[in-house]
Amino acid sequence: MKISTLLASNNDSLSKVLTLVLLLIGVLFLSVLSGILAASGNVILLIALLAVYGLFFVLAMPIAWTVWIIFWAIFLITGPSAYFLRFTQLQWLAVLVSAALLLPMLPHLLRSRISILSATISSDLFWPGIFLLLLAFSTVISNPQLSDFVNASRHYLLMWPLMLVFMFGLVRQEMLVQLWRALMIIAILQLPMALYQYFFVAQKKARNSAWDAVIGTFHGNIQGGGDSAAMAIMLLIAMLLAIALWRGGKLRGVWMALVLVSGLVTMGLAEVKASVMLLPVVVGLYYRKELLQRPIEAIVVLVGAILLVIGLFTVYEEVHYNDVSMHTFKSDQVTSTYDRVMRALSPDAESENGRQLGRVNHMIKWWEMNVESGDLQHSLFGYGMGATHASKVGVGELAERFPYVLHKSSTLVLLWETGILGHLAFLLILLSGARTSGRVAKDEAIPEIHRILLRVGEAGLLLLAITLLYKNFHFYSNPIQFLMMLMLGQAAYWSRFVGRNLEEVKL
């Protein structure tokens, strides 16, 4: 007995050693292969390797850990790595890890296949499903290329599994509260990064405007601009969150003040005019239901928000515009913040060499080329996913045809690539999500802190709907996509919760 036991023990030890050796050999092999592919510069092979890494990583980790790693990666790691090191491939790794969440999610979906077909789930998934069908249809009828799919998959497809994770409750609801609280930490951390970028990076680089360098921890290029608008939208949502939690007794006043001061100073350094103008809009969206209940309080808050806008614009005049000439467009030089805002809305706005058009001018060009010319197919369904995008992988049909960038805003991306129907479907995703979030926030069976988060999510989704014509961060900014999936997912989860409670009451 002792001999057999000893032999069995030795066999187990030998098996563990062999497993460890094989694991080390595999890691070394993948490391060498990664170095070779990175040195070769073959983007497609490198993305495929990142996909393999993401797959193994997600299968080995609990879903909650994976979500946290995605959160910290896209908010704090991928942006600075691209900004300082020009290593942009990490963006792909983050979204591929998100896409790989479908694998551990499949067993749950198979176990709950009956509930997936219920009316509540069907309504929550209806507009996302319609949008993805329209996206696929518009691509199929437009002679798609593999490069178009690779280019556009990161923008359109790979972050949606996150919404399903939140929708089906695959992470604890306490974790959603922690994610929202972590967002306020992210907002505070933007300030030291913005200060460094404004006072050190901008001063060392020859540029006409120092604020181009200020993008916080978001994606961008140290030589030029970046996702400053996406950062500002995140700050607006984080500041609203801090105010809402403080009013609900869920956050100390010191923390609320710290989030507000950090957000406002960062927005002042970054010079994001449109986002600043949206400050009273965000507050108004949150307080609109209280105008009749507590009109004096609501009006005071709105007036305070308007005064903050005026204050920030005054800061812009002194800090950014006082000694800096702007030569963005052909016409006479602008002399004030008001002139800059009006110039951005001008249909004649374009750069001197014609390689950059104003947003309104872009819309006019799209209308003339598609609707006014009677091109019904491209008006309704667009030119397919990836048509406006260009990268090392390939160049889309429209990106190759036009001398100026077409994906200036999410509305333009949707109209050119998915047509009027695709744009309408995506807009309805945001509006229906906001409606669901606001509706279930009234149910007192839901814990108070989650009702606060649902109301913040309602305002956030409406803000994203309003800004479709402003910038393209709905598809080109991973942090904003994460927030969008979080707000849509939490609304769908609590909608299911309310639906189950109603069924139990009927029984």
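Peer 1: So what exactly am I meant to see when it comes to the pattern of salt bridges here?
Peer 2: Where charged atoms from two side chains of opposite charge come close, those side chains can pair. Summed over all chains, the structure comprises 4 salt bridges. As a salt-bridge pair, Glu174 and Arg172 come within 3.5 Å of each other at their nearest N and O atoms. Overall, the relative accessible area of 46% leaves Glu174 in the partly exposed class. Among the ionic pairs, Glu458 bridges to Arg288, the shortest N-O distance being 2.5 Å. Remark: Arg288 occurs in the loop between helix H14 (279-287) and helix H15 (295-321) and Glu458 occurs in helix H21 (residues 448-466); sequence separation between them is 170 residues.

Peer 1: Which parts of the structure should I look at to understand helix H9 (residues 160-167)?
Peer 2: Residues spaced three or four apart along an α-helix point in a common direction, a consequence of the helix completing one turn every 3.6 residues. For H9, a buried count of 8 out of 8 residues is recorded, marking the element as mostly surrounded by other parts of the structure. For H9, the set of buried residues is Trp160, Pro161, Leu162, Met163, Leu164, Val165, Phe166 and Met167. At the C-terminal side of H9, Gly169 shows a positive phi close to 70°.

Peer 1: Would you take a moment to explain the environment of Val301 for this structure?
Peer 2: Residue placement: Val301 occurs in helix H15. The class for Val301 is partly exposed, based on a relative accessible area of 27%. Separated by 14 residues in the primary sequence, Val301 and Tyr287 place their C-alpha atoms 8.7 Å from one another. If we ignore the near neighbours within four places in the chain, the residues touching Val301 are Val283 and Tyr287.

Peer 1: Mind showing me how you'd approach helix H11 (residues 228-247) here?
Peer 2: In this model H11 runs 29 Å from its N-terminal to its C-terminal C-alpha over 20 residues, within 8% of the 28 Å that 1.5 Å per residue would give. In terms of residue burial, H11 counts as a mostly covered element, since 17 of its 20 residues are buried.

Peer 1: Just to check I follow, could you spell out the confidence of the model for the protein chain for this structure?
Peer 2: Detail in the predicted coordinates should be disregarded across regions flagged by low pLDDT. Considering every residue of the protein chain, the mean pLDDT works out to 81; 75% of them sit at 70 or more. The weakest mean pLDDT in the protein chain belongs to helix H6 (residues 113-116) at 52; the strongest belongs to H21 at 96. Confidence drops under pLDDT 50 across residues 325-332; counting only partners more than four residues distant or on other chains, this segment forms 19 contacts.

Peer 1: Teacher, can you tell me more about the side chain of Ser81 here?
Peer 2: Relative to the helices and strands, Ser81 is located in helix H3 (residues 63-85). On the accessibility criterion, Ser81 (8% relative accessible area) is buried. A distance of 2.8 Å separates a polar side-chain atom of Ser81 from the backbone oxygen of Thr78. Apart from the residues lying within four places of it in its own chain, the contact partners of Ser81 are Arg86, Phe87 and Leu90.

Peer 1: Whenever I open this one, a nonpolar patch on the surface confuses me. Can you help?
Peer 2: Together, Phe84, Leu85, Phe87, Leu195, Tyr196, Phe199 and Phe200 line one region of the surface with nonpolar side chains, adding up to about 690 Å² of accessible area. Of all the secondary structure elements, the ones that give two or more residues to the nonpolar patch are H3 and helix H10 (173-204). No other element matches the 4 residues that H10 contributes to the nonpolar patch. With relative accessibility at 38%, the residue Tyr196 sits in the partly exposed group.

Peer 1: What's the story with the packing of helix H20 (residues 410-440) against H21 in this structure? I'm lost.
Peer 2: Each pair of packed helices can be described by the angle between their axes along with the distance between the axes. It is the contact of H20 with H21, at a shortest axis distance of 8 Å, that shows an interaxial angle of 160°. The orientation of H20 relative to H21 falls into the category roughly antiparallel. The hand of the H20/H21 crossing is left-handed. Contacts between H20 and H21 involve Leu427, Leu430, Leu431, Gly433, Ala434, Ser437, Gly438 and Val440 from the first element and Leu454, Gly457, Glu458, Leu461, Leu462, Leu464 and Ala465 from the second. Here the contact of H20 with H21 is composed, by residue class, of 10 nonpolar, 4 polar and 1 charged.

What counts and how
Residues numbered from 1 in each chain as written. Predicted model: local features only at pLDDT ≥ 70, side-chain atom pairs only at ≥ 80, totals over all residues. Heavy atoms only, no water. Salt bridge = Lys/Arg side-chain N within 4 Å of Asp/Glu carboxyl O. Buried < 20%, exposed > 50% of the residue type's maximum accessible area, 1.4 Å probe, protein only. Helix = DSSP H or I, 4+ residues; strand = E, 2+ residues; numbered from the N terminus. Contact = heavy atoms within 4.5 Å. Expected span 1.5 Å × (residues − 1). pLDDT = per-residue confidence, 0-100. Polar contact = N/O pair within 3.5 Å; in protein donor to acceptor, adjacent residues only side chain to side chain. Patch = residues over 30% accessible without salt bridge, like charges linked within 9 Å, V, L, I, M, F, W, Y side chains within 5 Å. Areas by Shrake-Rupley, 256 points an atom, 1.4 Å probe, with all protein chains shown as cover. Axes fitted to C-alpha atoms, helices over the stretch in contact; angles between N-to-C directions. Parallel < 35°, antiparallel > 145°, perpendicular 65-115°, else oblique. Left-handed = near helix turned anticlockwise from the far one by under 90°. Nonpolar A, V, L, I, M, F, W, Y, C, P; charged D, E, K, R; others polar.

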